[in-house]
Amino acid sequence: MKELQSALSTAGADGSKLVLLSAVGSVFCCFLDFIHFIRCLTDDRKGESARMAEAIRSFVNTFIHFTKPIIIAVNGPAIGLGESILPLCDLVWANEKAWFQMHYTTFGQSPDGCSMIMFPKIMGGASANEMLLCGRKLMAQEACGKGLVSRVFWTGTFTQDVMDHIKELASCNPVMLEKSKSLVRCNMRLELEQANERECEVLKKIWGSAQGMDSMLKYLQRKIDEF
Amino acid sequence: MKELQSALSTAGADGSKLVLLSAVGSVFCCFLDFIHFIRCLTDDRKGESARMAEAIRSFVNTFIHFTKPIIIAVNGPAIGLGESILPLCDLVWANEKAWFQMHYTTFGQSPDGCSMIMFPKIMGGASANEMLLCGRKLMAQEACGKGLVSRVFWTGTFTQDVMDHIKELASCNPVMLEKSKSLVRCNMRLELEQANERECEVLKKIWGSAQGMDSMLKYLQRKIDEF
Amino acid sequence: MKELQSALSTAGADGSKLVLLSAVGSVFCCFLDFIHFIRCLTDDRKGESARMAEAIRSFVNTFIHFTKPIIIAVNGPAIGLGESILPLCDLVWANEKAWFQMHYTTFGQSPDGCSMIMFPKIMGGASANEMLLCGRKLMAQEACGKGLVSRVFWTGTFTQDVMDHIKELASCNPVMLEKSKSLVRCNMRLELEQANERECEVLKKIWGSAQGMDSMLKYLQRKIDEF
């Protein structure tokens, strides 16, 4: 998360017109390192839960405050925080083989990345809850139908298509791109900051509680039992 | 309405994790008893219009304030208030044979259940007005495409599918379910209460007016003529 | 723009129940007269940019404040401001051959007509940006899938279908139509006025700047080179 924040900080200040975020390989974004996180929590539950909540708060705020357009090219599965931040970006392009899932409630966590307010805005509350509460998996085309993804490209031409569309977009007047983004976002910044704050506050409480710890361990146990 | 409010009040206070609302038989929700209502209005227009508006206001507020997830299983046609409250619930599952319709304007009534603000949020203003102003009927799959319904099940397996999915959801940590719902809703409660207030105020005026009474009687006349 | 405002002003005050907006011929709405506008800007950049921004602000405000339902029948291509105001209207019916496009960024302009807040509300931010930033063209059926259009009619029966549906709508109680519209809109008026204000402020700055002028001339040059 810190590397990405640092890259965005550089891109925000240099002469670039926009930012393209993608991943190398077949996965776009996986969970955080769960085992490592639980180990840290075991050592210092209060401290670690506060640190992790603060890290997520700061990471999400970076997206909320970024003024240049961010284009996301989802090359493969997007799970958890990597999915929840999509609505904070400006264009979301997906490989037709990509899929999207949050299973927060299965391991007793509440959603992050302002997803609790952005997902209902995009697809309505009921469809949002299918993802947020039920952990429903959406394929790229379904996610496009629901407005989470704005364009789907064939797997074989994904990289080329993304580059072609980025070049076209980059030929626009950069001042217009930033002005357009600020017109869209100016009304929402405060609402998003507050949502981020609330979500991280709840996460800190969950991680800091015996019950939250227990939910995560039970989830791990189920995963192990499945093997 | 009072029975349902009482059931929700019990469910809100006992150990249950979530509420599943459905209906027995082939219909999910029909109109209120129109003939009975008109008879009451004829006896005491001012009093009855105020009582009915207050009953709806209180019923809708119960949904606005309920803190546990409400899952709606729409077994058949959902008409009027039974449809307009769907966006106040958390998951909306429908039998593929179910359909959705409001024909408020045809009998000279204005919408209720916060539908005037929730339907545009879910499907955009123009699609919302097709339902609210034009009384357009949506089949389950169309309602799913527009975000009013979050999942459609086959008629033959509807009951079983609903129970399977409810069991899965009920296995989640109940604190997370409530926290998630409160994160989604915390920003909207005041807006919803005010919308409910305004809608019921307008309904009271319509029912209390000679013109409103006249619209309802004309509607009944047309219905009788159709037979 | 002034003719349309004047017609709306008349319709708002007379006995009509609703307004139907359409166009004669094969196009619904094209760009403003670009060459003429650039010539005026060349003569008096500060004055003309202020005048044009004010004209758009006033035109868009007319739609924001209109209290009777406006039904739009999009007979053919809707480009620029003619598309961006669609979400300010109440029902949007399209000929299946109609298409929708804004290419503001290609000639260095920022969006207008409150589109920066209304398009994300209707289709989510990413899909909205495909149109607003990338100038993506939507065919009528796609626009219907995204909620911009609420109904698509076959080309052969378009005019007849529109008239049939308008007659049905016009048979409703006019008080209910206005009350319903005011219930939907009452929460949004201030937000829309402010968005309109901000958008026109940005447009004035762009048109009044050497850089903005340059973007428009470059766009014209590209168009000429294409021939």
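Our subject in this report is the structure included herewith. (Residues numbered from 1 in each chain as written. Chains lettered and ligands numbered in written order. Predicted model: local features only at pLDDT ≥ 70, side-chain atom pairs only at ≥ 80, totals over all residues. Heavy atoms only, no water.)

## Topic: empty space enclosed by the protein
Scanning the model with the defined rule gives 1 cavity of 30 Å³ or more in all. Along its surface, the largest cavity is lined by A:Gly125, A:Ala126, B:Leu86, B:Pro87, B:Cys89, B:Val92, B:Ile122, B:Gly147 and B:Leu148. Its residues placed into classes, the lining of the largest cavity shows 7 nonpolar, 2 polar and no charged. (1 Å grid on protein atoms, 1.4 Å probe; cavity = no way out; pocket = protein on both sides within 12 Å on 5 of 7 lines; lining within 4 Å. Points joined across faces, edges and corners; volume = space filled by probe spheres on them. Nonpolar A, V, L, I, M, F, W, Y, C, P; charged D, E, K, R; others polar.)

## With respect to the layout of surface pockets
Residue and element names in this part refer to chain B. In this model, the second largest pocket occupies a volume close to 810 Å³. Forming the walls of the second largest pocket are 32 residues, and the residues nearest its centre are Met1, Cys29, Leu32, Phe59 and Leu81. For the lining of the second largest pocket, the secondary-structure elements that each account for two or more residues are helix H1 (2-13), helix H2 (34-43), helix H3 (45-65) and helix H4 (81-84). Residue contributions to the lining of the second largest pocket peak at 8 residues, all from H3. (Helix = DSSP H or I, 4+ residues; strand = E, 2+ residues; numbered from the N terminus.)

## Some points on the pattern of salt bridges
Enumeration according to the criterion identifies 33 salt bridges over all chains in this entry. Between C:Arg151 and B:Glu130 there is a salt bridge, with its nearest N and O atoms 2.9 Å apart. Separated into two different chains, C:Arg151 in strand E7 (residues 151-153) and B:Glu130 in helix H6 (residues 125-132) make up a pair that spans both. The burial state of C:Arg151 is the same as that of B:Glu130; both residues are buried. When salt bridges with common partners are traced through the structure, they connect A:Asp44, A:Glu48 and A:Arg51 into a single cluster. (Salt bridge = Lys/Arg side-chain N within 4 Å of Asp/Glu carboxyl O. Buried < 20%, exposed > 50% of the residue type's maximum accessible area, 1.4 Å probe, protein only.)

## Some remarks on the packing of aromatic side chains
All told, the structure shown has 12 aromatic pairs over all chains when counted by the stated rule. Seen from their ring centres, C:Phe37 and C:Trp207 are 4.9 Å apart, and the 80° between their planes marks the pair as edge-to-face. Of this pair, C:Phe37 sits in helix H2 (residues 34-43) while C:Trp207 sits in helix H10 (residues 189-208), placing them 170 residues apart in sequence. Given a relative accessible area of 1%, C:Trp207 falls into the buried group. Sitting above the plane of the A:Trp99 ring, A:Lys137 keeps its charged end 4.2 Å from the centroid. (Phe/Tyr/Trp six-rings, centres within 6.5 Å; stacked < 30°, edge-to-face > 60°. Lys NZ or Arg CZ within 6 Å of the ring centre and 35° of its normal.)

## Considering the interface of chain B and chain A
With 24 residues of chain B at the contact, the number on the chain A side is 26 residues. The junction of chain B with chain A conceals about 2,200 Å² of combined surface from both sides, 60% of it contributed by carbon and sulfur atoms. Of all residues in chain B, B:Met176, B:Leu183 and B:Val184 bury the most surface against chain A, accounting for 27% of the area lost on that side. Summed over the shared surface of chain B and chain A, the result is 1 salt bridge. Seen at the junction of chain B and chain A, the total is 5 residue pairs in polar contact (both at pLDDT 80 or more). Among the elements of the structure, strand E4 (91-95), helix H5 (115-123) and helix H9 (174-185) of chain B are those that each provide at least two residues to the side of chain B that touches chain A. (Contact = heavy atoms within 4.5 Å. Buried area = accessible area lost by both parts, 1.4 Å probe. Polar contact = N/O pair within 3.5 Å; in protein donor to acceptor, adjacent residues only side chain to side chain.)

## Looking at the pairing of strand E4 (residues 91-95) of chain A
All names here are of chain A. Taking burial as the measure, the 5 residues of E4 include 5 buried ones, the bulk of the element. By the alternation rule, side chains of E4 split into Leu91, Trp93 and Asn95 and Val92 and Ala94, which are all buried. Judged from the 4 bridges that link them, strand E2 (residues 70-74) and E4 form a sheet pairing that is parallel. Considered in E4, the bridge of isoleucine 71 is made with leucine 91. Here 3 bridges tie E4 to strand E7 (residues 151-153), and the two strands are oriented parallel to one another. Within E7, the position partnered with asparagine 95 by the bridge is phenylalanine 153. (Pairing = 2+ DSSP bridges.)

## Side note on the relation of the copies chain B and chain A
The two copies are related by a screw operation: chain B maps onto chain A through 120° of rotation and 0.0 Å of translation along the axis, at an RMSD of 0.0 Å. The superposition operator between the copies reduces to a three-fold rotation axis. Minimal C-alpha distance to the rotation axis in chain B is attained by B:Lys121, lying at 3.9 Å. Residue by residue, only 4% of the interface of chain B is reproduced at the interface of chain A, so the copies engage with different surfaces. (Least-squares fit on C-alpha atoms with pLDDT ≥ 70 in both.)

## Notes on the sheet that holds strand E2 (residues 70-74) of chain B
Residues and elements named next belong to chain B. Read across the sheet, 4 strands follow the order E1-E2-E4-E7 without closing on themselves; strand pairing throughout is parallel. The outermost strands of the open sheet, each flanked by one partner alone, are strand E1 (19-21) and strand E7 (151-153). Direction aside, neighbouring strands of the sheet carry axes that sit 20° apart on average. (Axes fitted to C-alpha atoms, helices over the stretch in contact; angles between N-to-C directions.)

## Topic: the packing of helix H1 (residues 2-13) of chain C against helix H3 (residues 45-65) of chain C
All names here are of chain C. One way to put it is that H1 packs onto H3 with a least axis distance of 10 Å and a crossing angle of 25°. Regarding the angle of H1 to H3, the classification is roughly parallel. As for the relative orientation of H1 and H3, their crossing is left-handed in sense. Every residue of H3 that contacts H1 at Leu4, Gln5 and Leu8 is listed here: Ser58, Phe59, Thr62 and Phe63. Grouping the constituent residues of the contact of H1 with H3 by class yields 4 nonpolar, 3 polar and no charged. (Parallel < 35°, antiparallel > 145°, perpendicular 65-115°, else oblique. Left-handed = near helix turned anticlockwise from the far one by under 90°.)

## Examining the sheet that holds strand E5 (residues 99-101) of chain B
Overall, mixed pairing links the 3 strands, which are arranged E3-E5-E6 (chain B) in an open sheet. Looking along the sheet, the strands with just one partner apiece sit at the ends: strand E3 (78-79) and strand E6 (138-139) of chain B.

## Regarding the interface of chain C and chain A
Contact residues are listed per partner, giving 26 residues for chain C and 24 residues for chain A. Note on chain C versus chain A: buried area summed over both sides is about 2,100 Å², and carbon and sulfur give 60% of it. Summed over the shared surface of chain C and chain A, the number is 1 salt bridge. Connecting chain C to chain A are 5 residue pairs in polar contact (both at pLDDT 80 or more). Elements represented by at least two residues in the side of chain C that touches chain A include exactly helix H5 (115-123), helix H6 (125-132), H10 and helix H11 (210-226) of chain C. Taken together, the residues that form the side of chain C that touches chain A break down as 9 nonpolar, 10 polar and 7 charged.

## Re the relation of the copies chain C and chain A
After a rotation of 120° and a shift along the axis of 0.0 Å, chain C superposes on chain A with an RMSD of 0.0 Å. A low fraction, 4%, of the interface residues of chain C reappear at the interface in chain A, so the copies pair through non-equivalent surfaces.

## Regarding the packing of helix H2 (residues 34-43) of chain A against helix H11 (residues 210-226) of chain A
All names here are of chain A. Close contact between H2 and H11 brings their axes to 11 Å; oriented N to C, the two are set at 145°. Classified by chirality, the crossing of H11 by H2 is left-handed. Listed contacts from H11 to Phe34, Ile35, Phe37, Ile38, Leu41 and Thr42 of H2 are Met213, Met216, Leu217, Tyr219 and Leu220.

## Some remarks on the nonpolar core
In terms of nonpolar packing, the biggest core is built from 66 residues, with C:Val74 and C:Phe100 touching the most fellow members. Dropping the residues within four chain positions of it, C:Val74 is found in contact with C:Phe28, C:Leu86, C:Val92, C:Trp93, C:Ala94, C:Asn95, C:Ala98, C:Phe100 and C:Phe158. (Core = buried A, V, L, I, M, F, W, Y, C linked by side-chain atoms within 4.5 Å.)

## Brief notes about the environment of A:Lys17
All names here are of chain A. With respect to the helices, strands and loops of the structure, lysine 17 is situated in the loop between helix H1 (2-13) and strand E1 (19-21). Classification of lysine 17 as partly exposed rests on a relative accessible area of 27%. Taking the C-alpha atoms as reference points, lysine 17 and methionine 216, separated by 199 residues in sequence, lie 41 Å from one another. At a separation of 2.3 Å, a polar atom in the side chain of lysine 17 contacts the main-chain carbonyl oxygen of alanine 170. Engagement of the side chain of lysine 17 in a polar contact is seen with the backbone oxygen of cysteine 172, the distance being 3.0 Å.

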